[in-house]
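Take a look at the letters that make up each chain.
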Amino acid sequence: MCPADRMIYHALVNRISAKICAEMSGFVFGWRLPRPPDKSSHYLNNGQEWLELIARRREYADDCGAVLSTDVTNFFASIPPQGLVDRLHDEVGSSDVLDYLEVFLETYRRTPARTGIPQRSLASALLANCYIRPVDDVLRGFQNRRGIKALRWMDDIWAFCPDPDVAREIQLDIQRELRSIELEINLGKTRVVEGPGVQDFLADHELEREEPTVQVAPSGSRYVSNGSVEDLDRAANRLISEPENADRTMIRYVCSRIVGLEQWHWIPRILEVVPRSLHGADHYSRMIRTSGRSRELESWYLDLTQSSIVNRLPWAQAQLALMFPQNSKFPKVSEFLLRRLEGSVSDLDLVTTAGRLVAAWDRDNAISVLRQLGERPGTPLVARSLALTLHSLSRDRKRVRSLLGAYRETEATLRMLEDGNFKPLKETKDFAGA
């Protein structure tokens, strides 16, 4: 979505957020208003919500005979927009706001290669919490009849039961309810654990689902990291033994704790599995950059980018390049990225990342190449990236206006620059690598 569409989407959902959350169960954590909601848009902090959920989970595990853990297959991408709108009509009633929201969701549905509702959006998370409410009703019913304890974090669901039979009964009811709203339970991630295995299972799950509390510190150079060295060792060994099966949250967990706990001895072993887990390239690059080892790994990066797999993955090349900070020069990497830029006008990741890095290391050559690319940007997103990078380098207002004025999707960015009299934009320290 373009910035203007995203703002409109959030504004519409904010207007009805209090009504959406009015009947939300207390065992639902994350992406919600207070319990009970006090006013629209006053969202609870997700980091605190996650910590509270962990505390509840540990408490419930001490007093249960079995736990059911499950989630939904492709949750956001599988939510039918019309079904969601019908649910909202039931929850909040008819209104002009809901009519506008319906038009927005229908337009999104018609966009090629898009399904469900927008992802990585607070507005979508709130709507998803509303759509899956029938599952909450199932859990609430078991709470009242069978005394179970339930918790839900978006589509991750836990039920703490007196015995495995009740857990399986809940699983079947959840599966039936999900199918009634055109969703599917993720059988590959559904487990019923009983007895002594409950605590170990939840401990492993906490390592894998730490994302909401692992963030880059405001300085951009350190990670906020909780957990012990023993936790890191267990997670790192699992990542190294099965890198292809490690999800991004696990990779982020390991990298953040290596930095936060300064366990640099893990880096050589982690580097060995990077080619087999390129989906975590962005986390690996920040770990390496923070370790101060970028200079000694320049040849490692160049060799890796020449491999048959990485050579076909511009996103991985771009993200791994962020291991090199802008405040130092890396001539060989700069030369490589310049060559990649010349033939990558349609690739947003390379244009954005490589363009900005080369601009810091070799300003004149970067301006020349970026101006050539600007003559054939290909897509609005690439045009925006080229325009912002050129703006930071040359203050070439005419060329920036031409790039941003060529597409409706980039008009908001042009107006932002005009309103600020084309003053330089502040770059995040994480992206700058400072």
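Residues numbered from 1 in each chain as written. Predicted model: local features only at pLDDT ≥ 70, side-chain atom pairs only at ≥ 80, totals over all residues. Heavy atoms only, no water.

**Quick word on the overall build of the protein chain**
Helix and strand counts for the protein chain come out as 22 helices and five strands. Relative to the compact-globule value of 22 Å for 434 residues, the protein chain shows a C-alpha radius of gyration of 24 Å, a close match. The principal-axis extents of the C-alpha atoms in the protein chain amount to approximately 70 × 55 × 35 Å. Each of the 434 residues in the protein chain was classed as buried or not, and the buried ones make up 50%. Pairs at least 24 apart in sequence give 71% of the contacts found in the protein chain among residues at least 6 apart. Carbon and sulfur atoms form 47% of the exposed surface of the protein chain, whose accessible area is close to 20,300 Å². A gap of 6 Å separates the mean positions of the 58 positive and 60 negative side-chain charges of the protein chain. (Helix = DSSP H or I, 4+ residues; strand = E, 2+ residues; numbered from the N terminus. Rg over C-alpha atoms; globule rule 2.2 N^0.38 Å. Buried < 20%, exposed > 50% of the residue type's maximum accessible area, 1.4 Å probe, protein only. Contact = heavy atoms within 4.5 Å. Areas by Shrake-Rupley, 256 points an atom, 1.4 Å probe, with all protein chains shown as cover. Lys, Arg positive; Asp, Glu negative; His and termini not counted. Charge placed at Lys NZ, Arg CZ, Asp CG, Glu CD.)

**Regarding the sheet that holds strand β1 (residues 28-29)**
Spatial ordering of the open sheet is given by β1-β3-β4-β2-β5, a layout of five strands whose pairing is mixed. Looking at which strands have only one partner, the edges of the open sheet turn out to be β1 and β5 (191-194). The pairing of strand β2 (residues 66-70) with β5 spans four bridges and is classified as antiparallel. Its bridge partner lying in β5, Ser69 is registered against Arg191. (Pairing = 2+ DSSP bridges.)

**Side note on the pattern of salt bridges**
Within this structure, the stated rule accounts for 16 salt bridges. Between Arg109 and Glu106 there is a salt bridge, with the nearest N and O atoms lying 2.5 Å from each other. Here Arg109 pairs with Glu106, and both are found in helix α5 (residues 96-110), just three residues apart, close to one helical turn. Taking relative accessible area as the criterion, Arg109 reaches 41% and is therefore assigned partly exposed. Note on Glu106: relative accessible area 23%, which makes it partly exposed. Across the pair Arg146 and Glu169 runs a salt bridge, and its minimum N-O distance is 3.1 Å. With Arg146 in helix α7 (residues 133-146) and Glu169 in helix α8 (residues 164-180), the pair connects residues that are 23 residues apart, well separated along the chain. The partly exposed category is assigned to Arg146, whose relative accessible area is 37%. Shared partners join several salt bridges into a network, and the residues in it are Glu106, Arg109 and Arg110. (Salt bridge = Lys/Arg side-chain N within 4 Å of Asp/Glu carboxyl O.)

**With respect to the confidence of the model for the protein chain**
For the protein chain, per-residue confidence averages 86 on the pLDDT scale, and 91% of positions sit at 70 or higher. Predicted confidence is poor over residues 210-225, with pLDDT under 50, and the contacts of this stretch with residues over four places away or in other chains come to 44 contacts. (pLDDT = per-residue confidence, 0-100.)

**Topic: the packing of aromatic side chains**
Each aromatic ring pair is characterised by the separation of its centres together with the angle its planes make. Within the structure shown, the criterion is met by nine aromatic pairs. Residues Tyr301 and Phe324 carry aromatic rings whose centres are separated by 5.4 Å and whose planes lie at 80 degrees to one another, so their mutual orientation is edge-to-face. Of this pair, Tyr301 sits in helix α14 (residues 298-305) while Phe324 sits in the loop between α15 (314-321) and α16 (331-342), and the two are 23 residues apart along the sequence. According to the relative accessible area criterion, Tyr301 is buried, its value standing at 0%. The rings of Tyr301, Phe324, Phe330, Phe336 and Trp361 are connected pair by pair, giving a single aromatic cluster. One residue, Arg35, lies across the ring of Phe29, its end atom 4.6 Å from the ring centre. Taking NZ or CZ as reference, Arg145 lies 4.9 Å from the ring centre of Phe142, over its face. (Phe/Tyr/Trp six-rings, centres within 6.5 Å; stacked < 30°, edge-to-face > 60°. Lys NZ or Arg CZ within 6 Å of the ring centre and 35° of its normal.)

**Observations concerning the nonpolar core**
Note on soluble globular proteins: their nonpolar side chains tend to be buried together. Core analysis: the largest hydrophobic core is formed by 65 residues, its most contacted members being Val254, Ile270, Tyr284, Met287, Tyr301 and Leu337. Residues Ile79, Ala125, Val135 and Ile185 belong to the second largest nonpolar core, which totals 52 residues. (Core = buried A, V, L, I, M, F, W, Y, C linked by side-chain atoms within 4.5 Å.)

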